[in-house]
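Each chain, letter by letter, is given below.
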Amino acid sequence: MVDFAGAHVVVTGGTGALGRAVVAALHAKGAVCHIPNFAEAELHSFDLAHDPRIHIARGVDLGDEQAVQAFYGALPALWASIHLAGGFAMAPVADISAADFTAQFRLNALSAFLCSRAAIAAMRLPFGADEIQVTASFGVATYPTDVTEWEAAGDWRFVDAS
């Protein structure tokens, strides 16, 4: 089992739904979590916001190179950086504007690149550190588009809960 006691860990997206669960798990294991936050509204119901081992940097735009550099540059030596920030806009491709696409690219791909680059530079511990990226499977693989193809493939990882 990994000993997180006193380990400094960045969790981008740490005040979102998935991020809250990750932060809670790390906190329970003794980690010190550093969370860049851009969506102020997410903080209103974030139970750990005032915990002394939770450090929230407000107003950090992860799509802004200088903001990301400033955030990571102000941190102590990192043990890990977990990137969960992002989002999506569901629409048929024919209805997505170039501005919508650009916004999604900035929110997901650009922020992941900027945070990864800054995290790697900030990981100064002699024993090494970890970086974790989270993406949707659809971003890295081709999947069947028809339910019968899913049945044939025997792959039920994706469930339509609607």
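Here, every reference points to the structure presented above.
Analysis parameters
Residues numbered from 1 in each chain as written. Predicted model: local features only at pLDDT ≥ 70, side-chain atom pairs only at ≥ 80, totals over all residues. Heavy atoms only, no water. Core = buried A, V, L, I, M, F, W, Y, C linked by side-chain atoms within 4.5 Å. Buried < 20%, exposed > 50% of the residue type's maximum accessible area, 1.4 Å probe, protein only. Helix = DSSP H or I, 4+ residues; strand = E, 2+ residues; numbered from the N terminus. Contact = heavy atoms within 4.5 Å. Expected span 1.5 Å × (residues − 1). Bend = angle between axes of the 7 residues up to and from the residue. Salt bridge = Lys/Arg side-chain N within 4 Å of Asp/Glu carboxyl O.

Ranked by size, the top nonpolar core spans 19 residues in total, and within it Val-9, Val-23, Leu-26, Phe-46, Ile-54 and Ile-56 carry the most contacts. Only β1 (8-12), α1 (17-28), β2 (32-37), β3 (54-58) and β4 (80-83) provide two or more residues apiece to this core. With residues near it in sequence (within four places) discarded, Leu-26 still touches Phe-4, Val-9, Val-11, Ala-31, Cys-33 and Ile-82. Listed in part, the 14 residues of the second largest apolar core include Val-68, Phe-71, Leu-114 and Ala-119.

Here helix α3 (residues 98-122) spans 34 Å end to end across 25 residues, near enough to the 36 Å set by a 1.5 Å rise per residue. Along α3, the largest kink reaches about 40 degrees and is centred on Arg-106.

Attention shifts here to the side chain of His-27. Relative to the assigned elements, His-27 resides in helix α1. Judged by relative accessible area, His-27 falls into the buried class, the value being 15%. Those residues in contact with His-27 that lie beyond four places of it in its chain are Leu-48, Asp-51, Arg-53 and Ile-54.

What follows deals with the pattern of salt bridges. In the structure shown here, the tally under the stated rule is 3 salt bridges. Here Arg-106 ties to Asp-61 by a salt bridge, and the two come within 3.0 Å at their closest N and O atoms. Of this pair, Arg-106 sits in helix α3 while Asp-61 sits in the loop between β3 and α2 (65-73), placing them 45 residues apart in sequence. Here Arg-117 ties to Glu-65 by a salt bridge, and the two come within 2.6 Å at their closest N and O atoms. Of the two residues, Arg-117 sits in helix α3 while Glu-65 sits in helix α2, which places them 52 residues apart along the sequence. On the basis of relative accessibility, which here comes to 43%, the residue Glu-65 falls in the partly exposed class.

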